[in-house]
Amino acid sequence: MGTVASDATYAFKRTAEFADLSARVTARDSRVVVRTAAGAPLRQRAFLHLFYAFLNGVPPITSVDGGYVHSLYVPPTPSPANERVLEAFLRRTLLGRPTPMAVTIAVTDGCQCACGHCSAGRAKNGPRPAPTAAALTFAELRRVVDECLGLGVGNVTFTGGEPLLRDDLEELISDVDPGLATTQVFTNGLLLDQDRAFGLRAAGLHAVHLSLDAPDAGRHDVERGVSGVFAAVRRGVASARRAGLLVGLSTYATNESVARGDLTTLARLARAWDVHEISVFDAIPTGRLFGRRDALLTEPSHRALLHEARRLNRRLGGRPRVTTQTWTNSARGVAWFIGCLAWNWQFHVNAYGEATPCDFTPLTFGNVRERSLREIWIAATTHPEWGSRSRRCRMQSPAFRRRYIDPIPSDAPLPFPVDALDRLKNEQPALTR
């Protein structure tokens, strides 16, 4: 990628405790080289170097404006948005002051597909849909984005439903200052033609992730409930690459798909299609899978998936990068120094303004129409459960599900208010044992 791509000086002006900390960050020979000023406290310098030592554990998948991209979820290094992510990490680890690094925002719950595993959908025999409410308006979405940037996020991801159903999505993307955060979109690909891809790129979009549930057209189309969606994904990837967008494929793992080795087949497709990264999410008993504990990956499946992803990353040489949720929640992944991302690294705002730990957790801490995101963030990160780090995905923890998911009344709308659940638990302690 060249001898020297770019360099920048990081100074963490949002945090008074870091007044003496600065770093020269250089992208060189596929590595990030960091030099810190001698006057800064040793502990601060050490943790800054630790962050980039972790990042250097994987080769960059590409470069953007001279900065190395190690993952589509992390802004290029060096860049102003990357500096914000690093500052959030340092505030959390050194000061015990949680600062979000990323947010996912559902801009609609409308979608052309009917996926059986959709986290935004509703199980046939599960909790009833939430009372009818208007989705967030463009003005409200713009305010939510502004509040997120004010909290310090360095990555804004627009989801749905299907976000490309909104004609004003490009305007929302263009409102995000690239000096503060990178932007991403998750899409089923049906509307990602060449004109739309170039429009998204012109608006400033950093990356697009297309969902691919299976590596063959027959199974993927059946999973999605729409004929021709596999072909649309392939066309969408090609359109996005022609537009100059970074491209990821998003899939999910089940015990059956792990046993079949679907990830290896999908990785071959991704390499042929010139995809940058594959994201493998675990099947979670939420949304249309609510109550389906049998959907959870077994420990043998987790181990097999870790092994398969490591083997593929070695074989592929880092492009496409294979990133699994199993890895991020393992001792070798993000959990090693960050833990479960929910109300720690990131959070989610659904299409109706409910702020939840992540898009897999059916619990709300408040609505952005009624409370500021800063107020909600403080309440969430000081909560007895989310105020401490979890080394594994909470939604995959039997103990967490007994405390926070199983007690949700069967006829309750989702997401369920966490304060109401706390009251319910206090009134009926037997439910939590």
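Up top is the structure these notes are about.
Since this is a predicted model, take the numbers as computed values, not measurements. (Residues numbered from 1 in each chain as written. Predicted model: local features only at pLDDT ≥ 70, side-chain atom pairs only at ≥ 80, totals over all residues. Heavy atoms only, no water.)

Trainee: Account for the pattern of salt bridges, with residues named and values stated.
Mentor: Evaluation of the coordinates by the stated rule reveals 19 salt bridges. Asp213 serves as the salt-bridge partner of Arg224, at 2.8 Å between the closest nitrogen and oxygen. Separated by 11 residues along the polypeptide, Arg224 in helix H6 (residues 217–224) and Asp213 in the loop between strand E9 (207–211) and H6 bring together distant segments of the chain. On the basis of relative accessible area, Arg224 is assigned to the buried category, the value being 7%. (Salt bridge = Lys/Arg side-chain N within 4 Å of Asp/Glu carboxyl O. Helix = DSSP H or I, 4+ residues; strand = E, 2+ residues; numbered from the N terminus. Buried < 20%, exposed > 50% of the residue type's maximum accessible area, 1.4 Å probe, protein only.)

Trainee: How would you sum up the nonpolar core? Please name residues and give values.
Mentor: Phe158 and Leu249 are the most contacted members of the largest nonpolar core, which has 85 residues in total. For this core, the element with the highest residue contribution is helix H3 (residues 138–151), accounting for 7 residues. Every residue in contact with Phe158, bar those within four places of it in the chain, is listed here: Ile105, Val107, Val145, Pro163, Leu169, Leu172, Ile173, Val176, Thr183, Gln184, Val185 and Phe186. Core analysis: the second largest hydrophobic core is formed by 22 residues, Val32, Val85, Phe89 and Trp345 among them. (Core = buried A, V, L, I, M, F, W, Y, C linked by side-chain atoms within 4.5 Å. Contact = heavy atoms within 4.5 Å.)

Trainee: Let's hear about the packing of aromatic side chains: which residues, and what values?
Mentor: By the definition in use, this model includes 16 aromatic pairs. Look at Phe12 and Phe18: their rings are 6.4 Å apart centre to centre, the planes differ by 80 degrees, and that puts the pair in the edge-to-face class. Taking the relative accessible area as the measure of exposure, Phe12 reaches 2% and is therefore buried. Through successive ring pairs, a cluster of aromatic residues spans Trp343, Phe347, Phe365, Trp377, Trp386, Phe400 and Tyr404. (Phe/Tyr/Trp six-rings, centres within 6.5 Å; stacked < 30°, edge-to-face > 60°.)

Trainee: Go over the packing of H3 against helix H12 (residues 373–381) with me, naming the residues and quoting the values.
Mentor: Interhelical geometry of H3 versus H12 gives an angle of 50 degrees and a closest axis separation of 9 Å. The orientation of H3 with respect to H12, classified from their angle, is oblique. Two secondary-structure elements touch here, H3 through Val144, Glu147, Cys148, Gly150 and Leu151 and H12 through Leu373, Arg374 and Trp377. Within the contact of H3 with H12, the residues separate by chemical class into 5 nonpolar, 1 polar and 2 charged. (Axes fitted to C-alpha atoms, helices over the stretch in contact; angles between N-to-C directions. Parallel < 35°, antiparallel > 145°, perpendicular 65-115°, else oblique. Nonpolar A, V, L, I, M, F, W, Y, C, P; charged D, E, K, R; others polar.)

Trainee: Could you give me a rundown of the packing of H6 against helix H7 (residues 229–242), with the residues and numbers involved?
Mentor: Two elements in contact, H6 and H7, have axes separated by 7 Å at closest approach and are oriented at 105 degrees. Here H6 is positioned roughly perpendicular relative to H7, judged by the angle of their axes. Here H6 contributes Ala217, His220, Asp221 and Arg224 to the contact with H7, which in turn contributes Val229, Phe230 and Val233. Residues that form the contact of H6 with H7 fall into these classes: 4 nonpolar, 1 polar and 2 charged.

Trainee: Can you lay out the environment of Arg142 for me, pointing to particular residues and giving the numbers?
Mentor: Inspection of the secondary structure puts Arg142 in helix H3. Residue class for Arg142 comes out partly exposed when judged on its relative accessible area of 32%. Through-space distance from the C-alpha of Arg142 to that of Phe18 is 30 Å; in sequence the pair is 124 residues apart. With near-sequence residues (within four places) excluded, Arg142 lies in contact with Glu171, Leu172 and Asp175.

Trainee: Let's hear about unusual backbone geometry: which residues, and what values?
Mentor: Between Gly160 and the following residue, Gly161, the backbone shows a cis peptide bond with an omega angle of 10 degrees. In this structure, Ser30 takes a positive phi of about 65 degrees despite not being glycine. One can find Ser30 in the loop between strand E2 (22–28) and strand E3 (31–36). Residue Ser30 is classed as partly exposed on the basis of its relative accessible area, which comes to 31%. Not every positive phi belongs to a glycine, and Asp65 is a case in point at roughly 50 degrees. Turning to its location among the elements, Asp65 is positioned in the loop between strand E4 (62–64) and strand E5 (67–69). With relative accessibility at 78%, the residue Asp65 sits in the exposed group.

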